[in-house]
Amino acid sequence: MRVTPDCDSISSFSICSAQGVQVYPDVAFDGTNYVVVWSDLRIVANGTVYAARVTQTGAVLDPTGIQVGPANGTMQKEPSIEFIGDKYFVVWGHLTPPFGITGRMINPDGTLGDTVHVGNSSAEVHGTAIAYDGNKMFVIWNEYPGLLKGQLVSTTGALIGSPFTIADDEVVIGSGSICFSGSEYFVIYGRRPGSFMELWGRKYDASANPILSPFMIA
C-alpha cells in the first residue's frame, strides 16, 4: 500500500501475482524506484528469495518477480535489503542445511550481481538486517537458539574482518534490527530472560567496535 507523508492511504496493489505463498517482505529505495524482496514458495516448499522493482506511482516492473536465491531446496528466510549508493544488497538466512548467511547484489535495472557468502552457522538462521554507513554494510542475524551475530561487508561484497557476537546468552529471541546514525550503529534485539519479554540495545562505532555495554530499552 502507498501512503502520503501524513500516512493517508493512496492505493493498495499486488506486487507479486505468481502462484504460491509470498512471506517475509522487506523494501529499499534508490531515489527512483523501490525494490521489494521476499521469501517465495512457488519453486520449493522451503522458500526461495525473490525481488521486484516498484515505481513511485505503484507500477510493478517485475510482476512475476526476479529470482534472487538459488532453487536448491534450502529454506531461505527473512531477507533484508539496503540500497548502497549505486546498487542494492540483499541478505537472507538459511533455515535448513547448509546453514549460513547469503547475500547478493541487485542493480537498479533489476539485473543480478554477485552472490556473497556472508557467514557460516552451525544452526538455523532466522533473521537478518542491514545498515549502510556510506562506505560499508553492517549485517546482523540470529542463530538458533539464542545467538545474535554481526559482520561488516564492503560495497563490493568483500568481508571485512570476521563474524562477531553481539549477544549470546541463549535468551535472544526474534529478529534484530540495526540503523546508522551518521556516526554510529545502533542494534536492537529481544530477550526473554524469564517470564517477561525485554527489548535491548547496543551501540557500535563505524568500525563495529562496541561503544557501550548492552542496555535494556523496555
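Counting restarts for each chain, with residues numbered from 1 along the sequence as it is written. Per-residue local features are limited, in this predicted model, to residues with pLDDT of at least 70; the limit for side-chain atom pairs, both in listing and counting, is 80 or more; totals at the level of whole chains, interfaces and linings are taken over all residues. Calculated side-chain values reflect all of the structure's heavy atoms, with hydrogen atoms and water omitted.

(A) Layout of the pattern of salt bridges. What makes a salt bridge here is a side-chain nitrogen of Lys or Arg within 4 Å of a carboxyl oxygen of Asp or Glu, nothing more. Per the stated rule, a full pass over the model turns up 7 salt bridges. Its salt-bridge partner being Lys77, residue Glu78 comes within 3.8 Å of it at the nearest N-O pair. The rule is simple: take the accessible area with a 1.4 Å probe, protein chains only, and divide by the maximum for that residue type; under 20% is buried, over 50% is exposed, in between is partly exposed. Residue class for Glu78 comes out buried when judged on its relative accessible area of 16%. Using a relative accessible area of 16% as the deciding quantity, one classes Lys77 as buried. Here Lys136 and Asp133 are joined by a salt bridge, their closest N and O atoms 2.7 Å apart. Residue classification places Lys136 among the buried positions, given a relative accessible area of 15%.

(B) Here's a closer look at the sheet that holds strand E4 (residues 33–40). By definition, two strands form a pair when at least two bridges between them are found by DSSP. Under the DSSP-based scheme used, a helix requires at least four consecutive residues in state H or I and a strand at least two consecutive residues in state E, with every element numbered from the N terminus. Reading across the sheet, the 4 strands line up as E3-E4-E5-E6 and stay open at both edges, with antiparallel pairing between neighbours. A strand with exactly one partner marks an edge of an open sheet, and here the two such strands are strand E3 (22–29) and strand E6 (66–67). Where E3 meets E4, 6 bridges bridge the pair, whose relative direction is antiparallel. Each residue of the ladder has a partner; that of Gln22, found in E4, is Asp40.

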